[in-house]
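Structure at a glance
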Amino acid sequence: MSANANHPFPAQPISAHQARRAALASRLGPGIAIVPTTGETARNADSTYPYRFDSGFFYLTGFTEPDALFVQLIGEDKVENILFCRPKDAEREIWDGYRYGPDAARDAFGLDAAYPIDELDERLPQLMANQPAVHFALGADSQWDKRLSGWLNSVRSLVRTGVQAPTRLNDWRGPLGEMRLGKDEHELAVLREAGRINAAAHVRAMRFARPGQMEYELEAEILHDYYRQGSRFPAYSSIVASGPNACVLHYGENNRRMQDGELVLIDAGCELNGYASDITRTFPVNGRFSPAQKAVYEITLAAMQAAFAAAKPGNTWNMPHDAATRVLIEGMRELKLLGGSVDEILETGAYRQFYMHRTGHWMGLDVHDVGDYQSNGAWRELRPGMVFTIEPGFYIRPAENVPKEFEHIGIRIEDDVAITADGHENLTASCPKTVAEIEALMARARED
Ligand SMILES: [Mn+2]
């Protein structure tokens, strides 16, 4: 158990958000940037899904309430940061709880000004007047697109009074995605803690697994450990896939009874203060790998080690994937699943029968985080502060070239890494993954 279990992990300092606002302004150049957060989503009748703010909006503001919008006025030598948010409302706060309101929000989040969100249509055309450009994520949300058109037309209707309407539309998603790709020290601290929490939760699932349980019982152990450790939400829907379900890449029903002698694959991640963690572990339901399961597992783990070795600055994004794929192909030949040389198998793509996804993705505020994988047509270079997953897999569905003993074995092993000055830091290293570690841990849990 960690020292800070049951205590909330501290929010990032406002200075971190302020530094990002300044960086965004210099990347965008003169104009007005408009960044709304997400709205609440209806689940059914008058119930909503648990609220989750927009990642880009949060990155810039630190503000987590719905019904808010961030505006940045970027001049040649002056930047003004403005928030629109829900007004104070004594009656609503009795029902829904505390809200900052503009005045308190302005002070708490280090902004230059803040206004009630219902003044948006009145104030935005004024703020847009005489701005050379509008920086906006056009197409991200049709409702906001419509609002923007309305504001633009309001400014245009004033041109006879001498006001200039913006003439250029520029999407902030590219520049902001580029910024979010390089994690700062504050983000790395949250990601590290999210990784530690998630690792502990996966250990709990290994300790509690027994033949005869339902998959969702293991999901419950994972979620229990997230909440208990201060992560209030999973970062994505948990996958608990036993037996043949492990070969269904996005399996999510989690409602099968787990049998003695099977493996179970758990792909689950917690969200901590908005930041994701993403771990997959595959282990035997009864605590002991069969020889066939162990053979496939060891190949997948060796592929992962090869990918780790390639995760360092100066290498390109694709190199961990290429390294892992080669090791997996060698394993497919060893198990007599495929014939031919490694290069031939790479060339024909025959390995995709057993490995059909890539070895990772950027990770941060979004589990599949923003940021380009290529630049100018080439895989981009890894540099310190980039965070991504390493997750090779080996999935063997019944087929003519598959011996019976390997049928339905599905393995994926996934950790999260941050590129450092001289290699990488494994953010989820505290989650065991060798056959010996997993079997020992599960044997101990069965003695208790
Ligand atoms: Mn992943």
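Okay, the overall build of the chain next. Across its full length, the chain holds 13 helices and 21 strands. Each principal axis of the C-alpha atoms in the chain carries an extent, and together these give about 80 × 50 × 40 Å. Taken across its 448 residues, the chain has 52% of its residues classed as buried. Looking at the chain alone, contacts between residues at least 24 apart form 70% of all its contacts between residues at least 6 apart. Roughly 20000 Å² of accessible area belongs to the chain as shown, and the carbon and sulfur atoms make up 50% of that amount.

Let us look at the sheet that holds strand E11 (residues 263–268). A sheet is described by the order of its strands in space; here three strands give the open sequence E10-E11-E14, paired in antiparallel fashion. Whereas interior strands pair on both sides, the edge strands pair on one side only; in this sheet they are strand E10 (239–242) and strand E14 (279–284). With direction set aside, neighbouring strand axes in the sheet form an average angle of 10°. Sheet topology places E11 next to E14; six bridges connect them, and they run antiparallel. For Val264, the partnering residue across the bridge sits in E14 and is Phe283.

Attention shifts here to the coordination of the manganese ion. Taken together, the protein ligands of the manganese ion are Asp278 (OD), His361 (NE2), Glu391 (OE) and Glu414 (OE), with distances of 2.1 to 2.4 Å. In primary sequence terms, the donor set of the manganese ion follows D-x82-H-x29-E-x22-E. Pair noted here: Glu391 is in the loop between strand E17 (387–390) and strand E18 (393–395) and Glu414 is in the loop between strand E19 (410–412) and strand E20 (415–419), with a separation of 23 residues, a long-range link. A single burial state applies to Glu391 and to Glu414, both of which are buried.

With that out of the way, let us pick up the nonpolar core. Counting 104 residues, the largest nonpolar core has Leu218, Ile266, Phe283, Phe388, Phe394 and Phe406 as the members making the most contacts within it. Considering every element that reaches this core, the biggest residue donor is helix H8 (residues 185–208), with 10 residues. Shared between two domains, this core takes at least three residues from each, and those domains are domain 1 (14–179) and domain 2 (182–447). Non-local contacts of Leu218, meaning those with residues more than four positions away in its chain, are made with Ala205, Phe208, Ala209, Gln213, Val240, Met258, Val264, Ile266 and Phe283.

Counted by the stated rule, this structure contains 14 aromatic pairs. Plain terms: the ring middles of Tyr98 and Tyr100 are 5.4 Å apart, the flat faces sit at 70° to each other, and that makes the pair edge-to-face. Here Tyr98 falls in the exposed class, since its relative accessible area comes to 54%. Both rings, one in Trp317 and one in Tyr373, keep their centres 4.8 Å apart while their planes meet at 55°; by these two values the pair is tilted.

On to the pairing of E14. Across the six residues that make up E14, a large majority, six, are buried. Burial of the side chains of E14 extends over both faces: Ile279, Arg281 and Phe283 are buried on one face and Thr280, Thr282 and Pro284 on the other.

Here we take up empty space enclosed by the protein. The tally for this structure, following the rule as stated, stands at one cavity of 30 Å³ or more. Here the largest cavity is characterised by a volume of approximately 60 Å³. If you go around the largest cavity, the residues you meet are Trp317, Pro320, His321, Arg358, Thr359, Gly360, Phe388, Thr389 and Ile390. Mapped by element, the contributors of at least two residues to the lining of the largest cavity are helix H11 (318–334) and E17. The biggest single contributor to the lining of the largest cavity is E17, with three residues. The residue inventory of the lining of the largest cavity, partitioned by class, reads four nonpolar, four polar and one charged.

Looking at the chain, the domain boundaries give domain 1 (14–179) and domain 2 (182–447). Computed from C-alpha atoms alone, the centre-to-centre distance between domain 1 and domain 2 is 37 Å. With 12 residues of domain 1 at the interface, the matching set in domain 2 holds 15 residues. In total, about 990 Å² of surface goes out of reach between domain 1 and domain 2, with carbon and sulfur atoms giving 44% of it. Where domain 1 packs against domain 2, one counts four salt bridges. A salt bridge links Asp184 to Arg20, with the nearest nitrogen and oxygen atoms 2.9 Å apart.

Our next topic: the packing of H8 against helix H9 (residues 215–228). Running from amino to carboxyl end, H8 crosses H9 at an angle of 145°, the nearest separation of the two axes being 8 Å. The element H8 and its partner H9 pack so that their crossing is right-handed. Within the contact between the two elements, H8 uses Ile197, Asn198, Ala200, Ala201, His202, Arg204, Ala205 and Phe208 and H9 uses Leu218, Glu221, Ile222, His224, Asp225 and Tyr226. Residues that form the contact of H8 with H9 fall into these classes: eight nonpolar, three polar and three charged.

Cut-offs applied
Residue positions are counted from 1 within each chain, in the order its sequence is given. Under the rules for a predicted model, residues below a pLDDT of 70 receive no local features and side-chain atom pairs below 80 are neither given nor counted, while totals for whole chains, interfaces and linings still include all residues. To obtain the side-chain values, all non-hydrogen atoms of the structure were included, while hydrogens and water were left out. Helix numbering and strand numbering both begin at the N terminus, where a helix is a DSSP run of H or I of at least 4 residues and a strand a DSSP run of E of at least 2. Throughout this description, buried means an accessible area under 20% of the type-specific maximum (1.4 Å probe, protein chains only), exposed means over 50%, and partly exposed covers the range between. Contact definition: two residues touch when any of their heavy atoms are within 4.5 Å. The accessible surface values rely on the Shrake-Rupley method and a 1.4 Å probe; as for residues, cover is taken only from the protein chains in view. We call two strands paired when DSSP finds no fewer than two bridges between them. Axes, fitted as lines to C-alpha atoms, cover a helix only where it is in contact. Angles between the N-to-C directions of the axes lie from 0 to 180 degrees. Sodium, potassium and calcium take a 3.2 Å donor cutoff, other metals 2.8 Å, and in both cases only N, O and S atoms count; water is not among them, so sites may look incomplete. Residues belong to one nonpolar core when they are buried, are Ala, Val, Leu, Ile, Met, Phe, Trp, Tyr or Cys, and are joined through side-chain atoms within 4.5 Å. Where each domain starts and ends follows an automatic or database-derived domain assignment. Only rings of Phe, Tyr and Trp enter the pairing, Trp through its six-membered ring, and a pair is recorded when the two centres are within 6.5 Å. The plane angle decides the type: under 30 degrees is stacked, over 60 is edge-to-face, the rest tilted. Method remark: on a 1 Å grid restricted to protein atoms, a set of points is classed as a cavity if a 1.4 Å probe fits but cannot get out and as a pocket if it is open with protein on both sides within 12 Å along at least five of seven lines; lining residues have an atom within 4 Å of a point. Grid points are joined across faces, edges and corners, and a volume is the space filled by probe spheres set on the points. Three categories are distinguished: nonpolar for Ala, Val, Leu, Ile, Met, Phe, Trp, Tyr, Cys and Pro, charged for Asp, Glu, Lys and Arg, and polar for the others, with Gly belonging to the last. Buried area is a sum: the accessible area each of two parts loses on coming together, probed at 1.4 Å, counted once for each and added. What counts as a salt bridge is simple: a side-chain nitrogen of Lys or Arg found within 4 Å of a carboxyl oxygen of Asp or Glu. Left-handed describes a crossing in which the near helix is turned anticlockwise from the far one by less than a right angle; the clockwise case is right-handed.

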